[in-house]
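# Architecture and fold: a report
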Amino acid sequence: MGGTGVAEAEPVGRRVPDLPAFYRLVALESCGSTNDEARALAQNGAPEGTLVWARRQDAGRGRRGRAWSSPDGNLYMTLVLRPPVPPAQAAQVSFVTAVALGEAIAALIPGAPRLKWPNDVLIDGAKTAGILLESEPGRTGAVDWLVLGMGVNVRHYPPDTEYRATSISASGSPQVTVEAVLERFAQSFEAWYLRWSTQGFAPVRAAWLNAAHGLGGPVTVRLAGESFSARFVDLDSDGALVADTGNGIRRVTAGDVFFG
């Protein structure tokens, strides 16, 4: 542990997380969106491992532009990465992140979180964390940069979401702090990112499936132009959800999934 570079000091009374040397921490009291901050840094040459962390967001967002509730007390962070892979392969980082987040949260709560396709972490079936990837292709065909945004409900959660939500605190661990979640995630992600970089998607896919929510059960898939019911049977080698409709197999690469 140790070796954290802090680009902006935290206010008096706030503890700066102790992170592995891979990370360069940019700690903010508040910002519009950590993804926007990290994207600007990436476009200006910020190195891999730059981690933007804010206590609050004024314009946080999730997938498909949805607003992300961002009060003080939860974890909002975005990590700059530069994997030398094409965009389709870089998208696998969302599963790397989900596995690492699930592992980090599991170390802090009673019970085990589950992973919901494509990029959510659940506690007792309720959403606790979400992931948002944005990237820019380079001239060689590989991504130039990738920003990996994450939001974790540590103290608070929205009560009126379409998909039920919860927080780490409400799940039986009120003593857990934002800093503890960040430190656990940083350790877990560095290990899983290295594993993915050296061994490919197979070990990540196996770990994700081992923690998958609803595997083998009924699922409703909502796409841009249709919805259909099926059985969730697998995660493909490229990260697509594999669904058995009863009339054949469908691969889903983008969409919203509902269980039960």
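These remarks concern the structure in this document. Predicted model only: the values in this text are computed from it and were never measured.

## Observations concerning the overall build of the protein
Regarding its fold elements, the protein presents five helices and 13 strands. What you see for the protein is a C-alpha radius of gyration of 18 Å, in line with the 18 Å of a compact globule of 260 residues. Seen through its principal axes, the protein has C-alpha atoms that stretch 60 × 45 × 30 Å. Expressed as a percentage of its 260 residues, the buried residues of the protein come to 51%. Partitioning the intrachain contacts of the protein with sequence separation of at least 6 by distance along the chain shows that 62% fall at a separation of at least 24.

## Notes on the environment of Pro-110
With respect to the secondary-structure elements, Pro-110 resides in the loop between helix 3 (93-106) and strand 5 (114-116). It is 9.9 Å that separates the C-alpha atoms of Pro-110 and Ile-123, two residues lying 13 residues apart in sequence. Residues within four places of Pro-110 in sequence aside, it is in contact with Ser-171, Gly-172 and Ser-173.

## Some points on unusual backbone geometry
Following Trp-117, the chain continues into Pro-118 via a peptide bond in cis, with omega recorded as 0°. Tracing the sequence through the fold places Pro-118 in the loop between strand 5 and strand 6 (120-123). Although it is not a glycine, Asp-124 sits at a positive phi angle of roughly 50°. Turning to its location among the elements, Asp-124 is positioned in the loop between strand 6 and strand 7 (126-137).

Here is what the cut-offs are and how they apply
Residues numbered from 1 in each chain as written. Predicted model: local features only at pLDDT ≥ 70, side-chain atom pairs only at ≥ 80, totals over all residues. Heavy atoms only, no water. Helix = DSSP H or I, 4+ residues; strand = E, 2+ residues; numbered from the N terminus. Rg over C-alpha atoms; globule rule 2.2 N^0.38 Å. Buried < 20%, exposed > 50% of the residue type's maximum accessible area, 1.4 Å probe, protein only. Contact = heavy atoms within 4.5 Å.

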